[in-house]
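Coordinate inspection notes
Read off the chains here:
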Amino acid sequence: EAQVTQNPRYLITVTGKKLTVTCSQNMNHEYMSWYRQDPGLGLRQIYYSMNVEVTDKGDVPEGYKVSRKEKRNFPLILESPSPNQTSLYFCASSLFVGTATYNEQFFGPGTRLTVL
Amino acid sequence: QKEVEQNSGPLSVPEGAIASLNCTYSDRGSQSFFWYRQYSGKSPELIMSIYSNGDKEDGRFTAQLNKASQYVSLLIRDSQPSDSATYLCAVNPGTGNQFYFGTGTSLTVIP
């Protein structure tokens, strides 16, 4: 089954404790991305990756890191989480982006993160 | 100015009616447009993508794109209670590799 998976689905942590949210896709997609979703603010892009070893900032990159060492995986790293990073996080992937077609994104199930 | 704007609603329609959802965007050079449906607590699910001016139909859903006026709309015919969800409009400007989402329109279909 073609899918995007994220782990963990739920996470409660404390301020300053480093954490990683994993994302994996099995569709051989080139483009992967992380979003956060907050009430009233909608989905905002954190980081995206056009391909292996190619990453770039989205609208809200502060406090986050990413890496793309393999095509299928795109982990999101919070090195020192703070309460304002409490949010619902989604990973998404797309065949490719930068052309006028075939850039539909498919989303993972989401990770609900609470930072105390 | 936000990249993508939607009326947050809530929009209520009776079962069997047509629901009309609208979205405007700021980047005139945008090339790719998407509608997603999101149930509460779930991930966005792609409903339609549209790349050219005009209408694109898929079952009960029709997406309409007007690049000159910079708006994209979604019509849902014969609305069902299961269509009750938040609908997200998304745009890829084409000049970069980012995606911009509206804040969503909440739709309730009343049986």
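Counting starts from 1 at the beginning of each chain's written sequence and moves along it residue by residue. Chains and ligands are labelled by the order in which they are written, letters from A for the one and numbers from 1 for the other. Owing to the predicted nature of the model, reporting of local features is limited to residues with pLDDT of at least 70; listing and counting of side-chain atom pairs is limited to 80 or more, with chain, interface and lining totals taken over all residues. Based on all heavy atoms of the structure, the side-chain values leave hydrogens and waters out of the count.

**As for the overall build of chain B**
A run of H or I in DSSP becomes a helix once it reaches four residues, and a run of E becomes a strand once it reaches two; helices and strands are each numbered from the N terminus. The secondary structure content of chain B amounts to 0 helices and 11 strands. With the C-alpha coordinates aligned to their principal axes, the bounding extent of chain B is approximately 45 × 30 × 20 Å. Buried residues are those whose accessible area, probed at 1.4 Å on protein chains only, stays under 20% of the maximum for their type, while exposed residues exceed 50% and partly exposed ones sit between those limits. Taken across its 111 residues, chain B has 44% of its residues classed as buried. Any two residues having at least one pair of non-hydrogen atoms within 4.5 Å are treated as being in contact. In chain B, once contacts between residues fewer than 6 apart in sequence are set aside, the share between residues at least 24 apart is 54%. Per-residue accessibility takes into account occlusion by the displayed protein chains alone, with areas from the Shrake-Rupley method and a 1.4 Å probe. Taken as a whole, chain B presents about 5,000 Å² of accessible surface, with 45% of it coming from carbon and sulfur. Of the side chains in chain B, 8 bear a positive and 10 a negative charge, and the two mean positions are spaced by 3 Å. When charges are counted, Lys and Arg are positive and Asp and Glu negative, with His and the chain ends excluded. Charge positions come from single atoms, namely NZ of Lys, CZ of Arg, CG of Asp or CD of Glu.

**Section: the interface of chain B and chain A**
Each partner contributes residues to the interface: chain B has 20 residues there, and chain A has 27 residues. Here's the idea: put two parts together, see how much 1.4 Å probe accessible area each one loses, and the total over both is what we call buried area. Looking only at chain B, the three residues that lose the most surface to chain A are Asn-97, Phe-99 and Phe-101 of chain B, adding up to 31% of its buried area. In what follows, salt bridge is the name for a side-chain nitrogen of Lys or Arg lying within 4 Å of a carboxyl oxygen of Asp or Glu. If you look at where chain B meets chain A, you find 0 salt bridges. At the level of secondary structure, the elements contributing two or more residues to the side of chain B that touches chain A comprise strand S4 (32-38), strand S5 (45-50), strand S9 (85-92) and strand S10 (100-101) of chain B. The element best represented in the side of chain B that touches chain A is S4 of chain B, accounting for 4 residues. Under the grouping applied here, Gly and all other residues not named as nonpolar or charged are polar, the nonpolar ones being Ala, Val, Leu, Ile, Met, Phe, Trp, Tyr, Cys and Pro and the charged ones Asp, Glu, Lys and Arg. Within the side of chain B that touches chain A, the residues separate by chemical class into 9 nonpolar, 10 polar and 1 charged.

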